[in-house]
Structure formats: structure tokens, C-alpha cells
Amino acid sequence: MTQLALVIDLNVCVGCSACVTSCKEWNTSGSAGPLVDERPYGADPTGTFFNRVQTFEVGEFPATETVHFPKSCLHCEDPPCVPVCPTGASYKRKEDGIVLVDYDKCIGCKYCSWACPYGAREIDEKQKVMKKCTLCVDRIYDKNLAEIDRKPACVKACPTSARLFGDIHDPESVVSIAIRENGGYALMPEWGTHPANHYLPRRKTNLKIHEDELERADNPLKKDGKLPKPSKNEPSLDDISSW
Amino acid sequence: MNPAFSVIFLTTLIGAGQGLFLALFTEQSYAVFHLLPRQGGGFYAAGSLIALVLLAAGLAASFFHLGHPERAWRAASQWRTSWLSREVIALPAFMGVVFCYAVAHWLDMNWVIATLPGGAVVDFTVLLGAVGTILAFVLFGCTGMIYACLRFLREWNSPLTVINFILLGGASGFILAAFYASVAAPELSSFFGAWAIILVLLGLAGRGASLIRNRRLRPKSTMQTAIGVKHPKIVQKTQGSMGGSFNTREFFHGKDAAFLKLVRPGFLLAAFIAPLGLLGLSLSSPATLGLAFLFNYVGLIAERWYFFAEANHPQNLYYQTIG
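Definitions and cut-offs
Residues numbered from 1 in each chain as written. Chains lettered and ligands numbered in written order. Predicted model: local features only at pLDDT ≥ 70, side-chain atom pairs only at ≥ 80, totals over all residues. Heavy atoms only, no water. Pairing = 2+ DSSP bridges. Helix = DSSP H or I, 4+ residues; strand = E, 2+ residues; numbered from the N terminus. Axes fitted to C-alpha atoms, helices over the stretch in contact; angles between N-to-C directions. Buried < 20%, exposed > 50% of the residue type's maximum accessible area, 1.4 Å probe, protein only. Patch = residues over 30% accessible without salt bridge, like charges linked within 9 Å, V, L, I, M, F, W, Y side chains within 5 Å. Areas by Shrake-Rupley, 256 points an atom, 1.4 Å probe, with all protein chains shown as cover. Salt bridge = Lys/Arg side-chain N within 4 Å of Asp/Glu carboxyl O. Contact = heavy atoms within 4.5 Å. Buried area = accessible area lost by both parts, 1.4 Å probe. Polar contact = N/O pair within 3.5 Å; in protein donor to acceptor, adjacent residues only side chain to side chain.

Caption draft 1: Spotlight on the sheet that holds strand β3 (residues 234-238) of chain B. One open sheet holds the 3 strands; their spatial order is β5(A)-β4(A)-β3(B), and the pairing between them is antiparallel. Of all the strands in the sheet, the pair left with one neighbour each is β5 (63-72) of chain A together with β3 of chain B. Averaged over all pairs of adjacent strands, the angle between strand axes in this sheet comes to 30°, irrespective of strand direction. As defined by bridge partners, strand β4 (residues 51-60) of chain A adjoins β5(A) across 10 bridges and the pair is classed as antiparallel. Paired with Glu57(A) across the strands is Thr66(A), a residue of β5(A).

Following this line, the structure appears as C-alpha cells:
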């Protein structure tokens, strides 16, 4: 079983939103039709995005930290949005675990968006169907693209490589190793949705140095220094000089 | 959640329609056992027709909730997993049976099917009525479960949701039946009115219980679980949009807490207290009973608005600050 997913490293994300624009560009240009964008340069712009970068401030001034938090569909392993769909438009692919919406079957009842605790689904107000991240399903299998380009648009765009893409069911994949070795976690684990996408926490590299490591207690020079000083006429070690 | 009037009208109208049908068949069941005089077919037929009009109006309202109403037929396909799909099947099925019930009464299709030991005669209309009753409860169950099955909308995720759909729909239907009887069969209006009082009281108890339960709820999801950062103080600076999105429109009712505080006593007064007072005043006057139904129905619209507005979706944690 394959479960494709993104792993997003919050330690590296700088909140540049390159993933947002790249996602919108790719997904608004596809055969499924454009993603709605109303009043993009007006006072009250709104539109459908598959991916958004949110920013949170953690702590109280001056001890604060800014966390940039990219958020898209998490492609849950037990997606609550799929069974509630009355038409079967919302489905999870068996072969790679991607959760998709069939825009030709969707009736736009919005019930699936109610059933998603993460707010990952956004209706397209023009096409009147529910839309969400497809993990660039129209890109990652495209044989016309060079192998290195068969990745979601957001992953390709990230300038700091904060976004990793791969199969979390393969223990040797880059994403599985990242989750395993860098404390990868899932969002809102309390609902048992088992999100496939994981996040890597902010982490600082600290080196703990004990005092006895700065000044070695067992330094042989110091041990020698503590020995009684031999008298000048005593034979030395090599019988050449007394000291 | 942001209350959608299409869904408010759907649930309140079909609730009243189901309640009215249940009221009519309750009366017929009493008549089968000779506890009440059996009415002519016209009484049941016209009453069922009113129920059918309410159900059809609710069904029509529901289409306004859809982005693609022309594809609505597809919604019947996922009945194995989706309560919404089950409702889509149950509602037309129930309407079909109510229509047959009306026609059977209108054309006096009183074909005897069985005679019970006590001498009670089960005819064709009774059989249709029994099937309709089962379907009415199935429909109440489906409608309630659409909301009750969403486990992270904890205000809804309770058996009280289904119970209240049954009690509130039943109450409005029986008040309407009392009004209908006061015009069409005055000797029955006190029978329906007495049942209406019982159901309004039960509805008040059920809705009151859910209000108390919801007030005591503590959210399971927090900012900490939402972004996975263990710190007691997390403030959103931007939600990744500069002018709002579907997420800010669909899941926030957009009214302040003071308005909500006004709606709650408002619907308790209009949907429960006022009808109780009017039913206490008179169980025979068409004007009083009509007014009681009007108060109850307007109250139920407010009640349903509050039902949606009070539900706090965990996705709102991600959408607190536009910037």
C-alpha cells in the first residue's frame, strides 16, 4: 500500500508563500478549469486556494517566535470527508492514498467541508464544486515531465526545501525517515483521522557541555603537576638531565 | 457554523410535514380501536395533502443549498455510508407514501386486510399509514444523523440532536393538526391539542437539555493541537488570505455574542412558551391555534438558526485573523 504525502518542516519554512503561488499557478491552469479568483487586486480579494501559508506568534513579547504554517489537505488515512459525500464525488484512491474530488459528480452541497476538521476544502464559487489539494495528481505521474519534475508544484517551488514529498508507508522513503528522525507529528490527532501529511517541529541544536568537559579532570599533565618535584640531582627518566 | 436558510427551511418544513402526517395517522389509529370517531376520507386526504405541500416546500428549499441542483439525483448513490444520501432517499419515499395515503383516503380504498381479535379492522389505508409512520421516523433519524454523525462538531454529536428533530417536528406537526382539525373536524382539535402540549413540553425538555449540554462542552481541539506547538499562548497573525475565504464565510455566523444571547430566549419563547400559553387558552378556536402554529414555526426557524450558529467548527482555529 502506498500513501503519498507531504512532510512540512516548520523549522525551515520562512513563510515566503512561493508554494501558495506555485500551487495556484499549476492548478488554475489545468484541464479541470481555473480556480476562482475574485477581485484579486480589489479591496476585498477572495478565491479558492489548495494551499495557504498561515502565520502564528508563539509566546509573549519579547520571548516570541514566529511560526509560518503552510496548510493544505492532509490526505487523511481515515478521511472523515469521504464517507459523508452523498454522490461518491469525494473519494480516496486505493493505489496511492490521494483524496480527490470528482468535479463532474460533485453537487456542491458542502457537507464534506463540514466533515473536515482542518478546513482543507474550499468551494469554487464559480464552478460551484468543492475543491482541494490533489497532491498535483496531474503532475506526479506525467511521463512527459523529467523525473525530477514529477513532484507537486509546491514542493518544486519551495526555496528552503521545507516541503518533502513521498510515500509514508515506505519506511525507507525520504518522508518516512524525516518523520522518524525529526519528530514528525500529525495535526489534531484527537479526531483519529490519521493525516498522511506530517509536520516537523521547530527545533534548536543545543550542545550541553559539562564543566568537567571544559577542564578535564583526568588531564595527565595536571596529574603530573601534582607529583612532588624531583630534586635536581636525582636521575631523570632518561638519565640525561635531572629535569 | 453559518446558518443556511435553505437548510433551515428544509428541516423545519419537513419536520412540520412529518409531524402533521404522524398526527393524522395517530388519530386514525385511535379510530381503528374505536377510541375516537373515524373521520371521512376527505379529512385524512386533505390533511395529508397539507403535509405533502410542506414536504415538497422543504424539498424545494433544499435545492437552493446545492451548487449543482441538476446533479441532485446522484445524491442517492452513497446510502451505504452517507446519512445525507439516506435522507435523499427517505424524503421522496416518505412523500410517495403520504401521497398514496391521501389518494387511498380520497378514493375510499378501505379494503380490509385483517381483522384483529378485538374487532379492530385493519384496512389498506391503515397499512399505508403504518408504512408512512415508519418512514417518517426513518426520515427524522436521517435528518438528525446528518448533524449528529459529525464527531468534531460536538454541539451536534449527541443523541439529543436526533431526539430533538423528532420532538420539535412532532410538536409543530401536532399544533398544525390541531389548527387543521379546528377548521375541518372541531371535535378532534382538543385531541390533537393535548398531544401538541405534551410534545411541546417534551421538545422544551429535549432542547433545554441540549442547551445545557452544549454550554458545558469544552473544546477538544486547541491552538496547540491545531498546529502542534506546545505553548499556552499562540496568536494567529495571518490566515493566508487578505479578504476572507470560503472558510471564513461558511463556518462563522458573523453575528456578535449579544445577538446570540437574544436569539436563545427568543426561540424558547416563540417555539415553546407562546404556543403552550395559546394552547392553554383554547383548544378549539381556529384563530388561537393558527397563531400558536405561527409562533411555533417562526420560533423553530430561530431555533434552527441557533442550532447552526452555536456549533463551533474546529477549523475556525485556523481562521481567526485576516492579515
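Caption draft 2: Seen up close, unusual backbone geometry. Residue Pro62(A) is bonded to the preceding Phe61(A) through a cis peptide linkage, with omega at 5°. Secondary-structure assignment places Pro62(A) in the loop between β4 and β5. For Cys136(A), which is not glycine, the phi torsion reads 50° and is therefore positive. With respect to the secondary-structure elements, Cys136(A) resides in the loop between β9 (129-131) and α3 (153-157). On the accessibility criterion, Cys136(A) (6% relative accessible area) is buried. Of note, the phi angle at His34(B) is positive, near 60°, even though the residue is not glycine. Given the relative accessible area of 60%, His34(B) is considered exposed.

Caption draft 3: Focus on a nonpolar patch on the surface. Residues and elements named next belong to chain B. Judged by side-chain polarity, Leu291, Leu294, Phe295 and Val298 come together as a nonpolar surface patch covering roughly 360 Å² of accessible area. Mapping Leu294 onto the fold places it in helix α10 (residues 286-310). Taking the relative accessible area as the measure of exposure, Leu294 reaches 53% and is therefore exposed.

Caption draft 4: How the structure looks around the interface of chain A and chain B. Of the residues lining the interface, 54 residues belong to chain A; the matching set on chain B comes to 61 residues. Interface area for chain A against chain B, summed over the two sides, is near 4,700 Å², with a carbon-plus-sulfur share of 59%. Looking at the side of chain A facing chain B, the largest losses of area belong to Ile107(A), Trp114(A) and Trp191(A), adding up to 18% of the total buried there. For the pair chain A and chain B, the number of links is 2 salt bridges. Linking chain A with chain B are 37 residue pairs in polar contact (both at pLDDT 80 or more), by the criterion used here. Among the elements of the structure, β4, β5, α2 (111-114), β8 (122-124) and β9 of chain A are those that each provide at least two residues to the side of chain A that touches chain B. The element best represented in the side of chain A that touches chain B is β4(A), accounting for 9 residues.

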